[in-house]
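A look at the structure
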Amino acid sequence: MPSDAARERVERAKRRLRRQFPTGYPVRVMWAPTEDLTKEHGFPVDGDALFHQGVGRIRLADSCNQYTAVETLIHEWAHLLRQLVPVSSDRMVHDAIFWAIYGQVIGAWHGE
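A brief structural summary. (Residues numbered from 1 in each chain as written. Predicted model: local features only at pLDDT ≥ 70, side-chain atom pairs only at ≥ 80, totals over all residues. Heavy atoms only, no water.)

1. A look at the sheet that holds strand β2 (residues 47-52)
Quick reminder of the rule: Strands qualify as paired when DSSP identifies two bridges or more between them. Secondary structure is summarised from DSSP: a helix means a run of H or I of at least four residues, a strand means a run of E of at least two, and numbering begins at the N terminus for each. The axes are straight lines fitted to the C-alpha atoms, using for helices just the contacting stretch, and the angles between their N-to-C directions are given from 0 to 180°.
Read across the open sheet, the 3 strands follow the order β1-β3-β2; overall the sheet is mixed. The outermost strands of the open sheet, each flanked by one partner alone, are β1 (27-32) and β2. Along the sheet, successive strands turn relative to each other by an average axial angle of 20°, direction set aside. When β1 meets strand β3 (residues 55-61), the two strands line up parallel, connected through 6 bridges. Each bridged residue has a counterpart across the sheet, and for Met30 the counterpart in β3 is Arg59.

2. Quick word on the environment of Gly47
Selection rule: We call two residues in contact when some of their heavy atoms are within 4.5 Å.
Position of Gly47 among the secondary structure elements: in strand β2. With 14 residues separating them in the primary sequence, Gly47 and Ala61 have C-alpha atoms 5.4 Å apart. Ignoring sequence-local partners within four residues, the contact set of Gly47 consists of Leu37, Arg59, Leu60, Ala61, Thr72 and Glu76.

3. What about helix α1 (residues 4-20)?
Note that an α-helix has 3.6 residues per turn; residues three or four places apart therefore point the same way. The test is simple: Helix span, as expected, comes to 1.5 Å for every residue beyond the first. Burial classes follow relative accessibility: with a 1.4 Å probe on protein chains only, a residue under 20% of its type's maximum area counts as buried, one over 50% as exposed, and anything between as partly exposed. Note that the arc is computed from the directions linking the helix axis to the C-beta atoms.
Between the first and last C-alpha of α1 there are 24 Å, a value that for 17 residues agrees with the 24 Å anticipated at 1.5 Å per step. Those residues of α1 that sit buried are Ala6, Val10, Ala13, Lys14 and Leu17. The arc that holds the buried residues of α1, viewed along the axis, is 110°, so those residues lie on one side. Residues of α1 that are exposed and angled more than 90 degrees away from the buried face: Asp4 and Arg19. Elements that come into contact with the buried residues of α1 comprise β1, β3, α3 (66-82) and α4 (96-109).

4. Some words on the pattern of salt bridges
Definition in use: For this document, the term salt bridge refers to a Lys or Arg side-chain nitrogen within 4 Å of an Asp or Glu carboxyl oxygen.
With the rule as written, the count across this model stands at 6 salt bridges. Lys14 is paired through a salt bridge with Glu11; the nearest N and O atoms lie 3.1 Å apart. Here Lys14 and its partner Glu11 are both found in helix α1, 3 residues apart, which amounts to about one turn of the helix. Judged by relative accessible area, Lys14 falls into the buried class, the value being 10%. Among the salt bridges present, the one from Asp95 reaches Arg82, with a minimum N-O distance of 2.8 Å. One end of the pair, Asp95, is in the loop between α3 and α4; the other, Arg82, is in helix α3, with 13 residues separating them in the sequence. On the basis of relative accessible area, Asp95 is assigned to the partly exposed category, the value being 21%.

5. What to know about α3
Definition in use: For this analysis, a polar contact is any N or O atom pair within 3.5 Å, provided that within protein one partner can donate a hydrogen and the other can accept it, and provided that sequence-adjacent residues contribute only side-chain to side-chain pairs.
Relative to the 24 Å expected for 17 residues at 1.5 Å per residue, α3 spans 24 Å between its end C-alpha atoms, a close match to the ideal helical length. Within α3, 14 of the 17 residues are buried, which leaves it mostly tucked inside the rest of the structure. N-cap assignment for α3: the residue whose side-chain oxygen lies 3.0 Å from the backbone N of Tyr67 is Asn65.

Here it is as structure tokens:
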């Protein structure tokens with residue numbers, strides 16, 4: 001179960017991401033049992049993102065501390081932003097376009 005501090009930091013981060021880096025479609029952010037994410041992916045993960053039928057979904061592992069939860073939210077948000085680029089990608093991959101987007105988001109986040 002995430003701490004109250006983690007929940008609060010994620011909510012603030014989500015509002016900031018929506019304002020600074022809008023996706024143009026609804027994004028749901030939720031907490032998921034760490035064990036479920038590990039089972040689905042086959043290895044431990046701190047979160048994941050899915051874009052389906054015009055809606056984005058980000059799940060954060062409920063074992064994340066507040067720092068890891070926010071960093072994971074930023075990473076997964078970049079995956080959803082990647083979906084806006086009209087270059088074919090059949091899944092959420094870490095391609096050059098993703099890393100360029102992530103660099104912009106994380107740089108702005110940390111004031112670089």
